[in-house]
Amino acid sequence: MALPWTLHGDGKTVGAQDVVGPGERLNWPLTIGIGAQHVVAMFGATFLVPLLTGFPPSTTLLFSGIGTLLFLLITRNKLPSYLGSSFAFIAPITAATATAGMGSALFGIVVVGFLLAVIGLVVQLTGTGWIDTLMPPVVSGAIVALIGFNLAPVAKSNFAAAPLTAIITLAAVILSTVLFNGILGRLSIFIGVVIGYLAAVSFGEVDFGKVAAAPWFGLPQFTGPANPFENPAVFGLLPAFLPVVLVLVAENVGHIKGVAQMTDAKVNRYTGRALMADGLATMLAGFSGGSGTTTYGENIGVMAATRIYSTAAYWVAGIVAILLGLSPKIGAVINTIPAGVLGGVTTALYGLIGIIGVKIWLDNKVDFSRPVNQFTAATALIIGIADYTFTIGALSFNGIALGTIAAIVIYHLMSWVGRLRGTDR
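Residues numbered from 1 in each chain as written. Predicted model: local features only at pLDDT ≥ 70, side-chain atom pairs only at ≥ 80, totals over all residues. Heavy atoms only, no water.

> Please give an account of the overall build of the protein that cites residues and values.
The helix and strand tally for the protein stands at 19 helices and six strands. Against the globule reference of 22 Å for 425 residues, the protein gives a C-alpha radius of gyration of 21 Å, in line with a compact fold. The proportion of buried residues among the 425 residues of the protein is 55%. When the accessible surface of the protein is summed, it comes to about 18,200 Å², and 68% of that surface belongs to carbon and sulfur atoms. In the protein, the 19 positive side-chain charges and the 15 negative ones have mean positions that sit 6 Å from each other. (Helix = DSSP H or I, 4+ residues; strand = E, 2+ residues; numbered from the N terminus. Rg over C-alpha atoms; globule rule 2.2 N^0.38 Å. Buried < 20%, exposed > 50% of the residue type's maximum accessible area, 1.4 Å probe, protein only. Areas by Shrake-Rupley, 256 points an atom, 1.4 Å probe, with all protein chains shown as cover. Lys, Arg positive; Asp, Glu negative; His and termini not counted. Charge placed at Lys NZ, Arg CZ, Asp CG, Glu CD.)

> Residue-level account of the side chain of Thr169, with values.
Tracing the chain through its elements places Thr169 in helix α8 (residues 163-179). Not counting chain neighbours up to four residues away, the residues in contact with Thr169 comprise Gly192, Val193, Gly196, Gly340, Val341, Gly344 and Val345. (Contact = heavy atoms within 4.5 Å.)

> How would you summarise the environment of Val245 if you had to cite specific residues and measurements?
Here Val245 lies in helix α12 (residues 238-262). Val245 gets classed as buried once you look at its relative accessible area, which sits at 6%. Ignoring anything within four residues of it in the chain, the contact list for Val245 reads Val112, Leu115, Leu116 and Ile119.

> Can you explain the packing of aromatic side chains? Please cite residues and give values.
Applying the stated rule across the entire model yields five aromatic pairs. When the ring of Phe107 is compared with that of Phe235, the centres are 6.0 Å apart and the planes differ by 85°; the resulting orientation is edge-to-face. Taken as a pair, Phe107 in helix α4 (residues 102-126) and Phe235 in the loop between α11 (209-213) and α12 lie far apart in primary sequence, 128 residues in all. Look at Phe107 and you get buried, because its relative accessible area is 13%. (Phe/Tyr/Trp six-rings, centres within 6.5 Å; stacked < 30°, edge-to-face > 60°.)

> Explain helix α15 (residues 311-325) to me, using residue names and the numbers behind them.
Its 15 residues give α15 an end-to-end C-alpha distance of 21 Å, which sits within 8% of 21 Å, the value for a rise of 1.5 Å per residue. The element α15 is largely enclosed, with a buried count of 11 among its 15 residues. By the burial criterion, the buried members of α15 are Thr311, Ala312, Ala313, Tyr314, Trp315, Val316, Ala317, Gly318, Ala321, Ile322 and Gly325. (Expected span 1.5 Å × (residues − 1).)

> Quick rundown of the side chain of Ser85? Include the residues and the values.
In this structure, Ser85 sits in strand β3 (residues 83-85). What Ser85 contacts, discounting residues up to four positions off in sequence, is Thr46, Val49, Pro50, Thr60, Gly292, Thr294 and Tyr296.

> I'd like a rundown of the pattern of salt bridges, residues and numbers included.
Any two side chains of opposite charge can pair if their charged atoms end up close together. Using the criterion set out here, one finds one salt bridge in the structure. As a salt-bridge pair, Lys359 and Asp363 come within 2.6 Å of each other at their nearest N and O atoms. Residue Lys359 and its partner Asp363 are both found in helix α17 (residues 339-363); the two are separated by four residues, about one turn of the helix. Lys359 gets classed as partly exposed once you look at its relative accessible area, which sits at 46%. (Salt bridge = Lys/Arg side-chain N within 4 Å of Asp/Glu carboxyl O.)

> Can you break down the nonpolar core residue by residue, with the values?
Taken as a class, soluble globular proteins show a tendency for nonpolar side chains to be buried jointly. Counting residues in each nonpolar core, the largest one holds 102 residues, and the members touching the most others are Leu48 and Phe87. Residue contributions to this core peak at 11 residues, all from α12. Excluding residues within four positions of it along the chain, Leu48 makes contact with Phe87, Ile189, Leu342, Val345 and Leu349. (Core = buried A, V, L, I, M, F, W, Y, C linked by side-chain atoms within 4.5 Å.)

> Describe the environment of Gly357, listing the residues and the values that go with them.
By secondary structure assignment, the location of Gly357 is in helix α17. Look at Gly357 and you get buried, because its relative accessible area is 0%. Counting along the chain gives 214 residues from Gly357 to Ile143, while the straight-line C-alpha distance between them is 7.2 Å. Sequence-distant contacts of Gly357, that is, excluding residues within four places in its chain, are made with Gly141, Val144 and Ala145.

> Describe in detail the packing of helix α2 (residues 57-74) against α15, supporting the description with residues and values.
Running from N to C, α2 and α15 cross one another at 155°; their axes reach a closest spacing of 7 Å. With respect to their mutual orientation, α2 and α15 come out roughly antiparallel. Classified by chirality, the crossing of α15 by α2 is left-handed. Together, Ser58, Leu61, Leu62, Ser64, Gly65, Ile66, Thr68, Leu69, Leu72 and Leu73 of α2 and Thr311, Tyr314, Trp315, Gly318, Ile319, Ala321, Ile322, Leu324 and Gly325 of α15 make up the contact between the two elements. Per-class residue counts for the contact of α2 with α15 are 12 nonpolar, seven polar and no charged. (Axes fitted to C-alpha atoms, helices over the stretch in contact; angles between N-to-C directions. Parallel < 35°, antiparallel > 145°, perpendicular 65-115°, else oblique. Left-handed = near helix turned anticlockwise from the far one by under 90°. Nonpolar A, V, L, I, M, F, W, Y, C, P; charged D, E, K, R; others polar.)

> Provide a residue-level description of the packing of α2 against helix α16 (residues 328-335), including the pertinent values.
Running from N to C, α2 and α16 point in directions that differ by 120°, and their axes come no closer than 8 Å. On the basis of the axis angle, α2 is oblique to α16. Each of Pro57, Ser58 and Leu61 in α2 lies in contact with α16, whose residues at this interface are Pro328, Gly331, Ile334 and Asn335. Tallied by class, the residues present in the contact of α2 with α16 amount to four nonpolar, three polar and no charged.

> Tell me what's going on with unusual backbone geometry, and back it up with residues and numbers.
Residues other than glycine seldom take positive phi values, yet Arg76 does so here, at roughly 60°. Within the element layout of this structure, Arg76 appears in the loop between α2 and β3. Backbone geometry at Asp387 places phi at a positive 55°, although glycine is not the residue there. Along the chain, Asp387 falls in the loop between α18 (371-386) and β5 (390-392).

> An account of helix α6 (residues 137-150) is needed here, citing residue identities and associated values.
End to end, α6 covers 20 Å across 14 residues, agreeing with the expected 20 Å (1.5 Å per residue, within 8%). Along α6, 12 of the 14 residues are buried, which leaves the element largely enclosed by surrounding structure. Within α6, the full set of buried residues consists of Val138, Val139, Ser140, Gly141, Ala142, Ile143, Val144, Ala145, Leu146, Ile147, Gly148 and Asn150.

> Can you tell me about the environment of Phe190, naming the residues and giving the values?
Relative to the assigned elements, Phe190 resides in helix α10 (residues 188-202). On the accessibility criterion, Phe190 (28% relative accessible area) is partly exposed. On a C-alpha basis, the gap between Phe190 and Asp264 in space is 31 Å, while along the polypeptide they are 74 residues apart.

What follows is the structure in structure tokens.
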């Protein structure tokens, strides 16, 4: 069977102004090298999610690789993307696991994936206009921002466990972004973790006992989701997961628009397929013990730096991730990263998630002189940061869920009343 890529030029060289499109590739040694670079780009963020949530790292890596290959198949090799662990899941997973165990969190992940796949099917049939109407930039920016800032107490508790290690890690993250150019500058989180980890080893904070006992090759730990009909309390945890659907929609749509801008506007027609693919990949991970997935901005950065958008490189990256997931020893090494390192890196990382929401406002020139925009953002952020909670029977809504609901309801209610009364200019 013929492979779906054509060779770009001689396959060895890329001109300064050349772009290697999604349907092209370089020769296989170079393609493998580019694919390995994508693995490095996604690795730092992807392995952090299982570390922060208590999920098995090897399982998460395995299903991020499988999800990436599934994504490429469903989008017909037209959309270069890597599906890594989504940070939007961290808060609801943490809350669900602490309340009702890992199985309840996996059930939430499965439901999110199902809803995302359904939205993808609707978008495939109707287009993306209704998404832009439901979540204009002031709303989507507020939702993304409050998810990041809601996690601040988690970062603080890890930081307090080993302050010196955390400070070293945070300093390494910050300095590496300005000390290095190109791809190294984009790997500041990964570099910070490595430096912080070495510091933690020197301070005697790392226990290697389980690493020596772990085999090099083997299946990772598989865990199934909880059955809500056996334990109805699991249904009560769903409200915390539902806002993640909106975040994943925003992340995927933004990713596709970015790729389309760098390659070809025709890529936008695959938005529905991309949402369906990410939804199915998230469901697959949730059914097996892995974390939910999303398209990765880190890998967009690699493409922007190299001007190589070949989906062949992503097949390589997905296969490499699968192989890493089949090594329990690598998973054991990742699990040795201590709280101080996590505290340092998440102090920056969670804040950056919040700032991405602010960037959405800036990029879209949100007019904060309008009261509707002021109250939408202000109310949602306070609810998310303070982690307001509201309980009705078995259902419990946390700050992320309530903040998301507030952003959508306040914006559309104020806009409707303003138009009706002529007070919103």
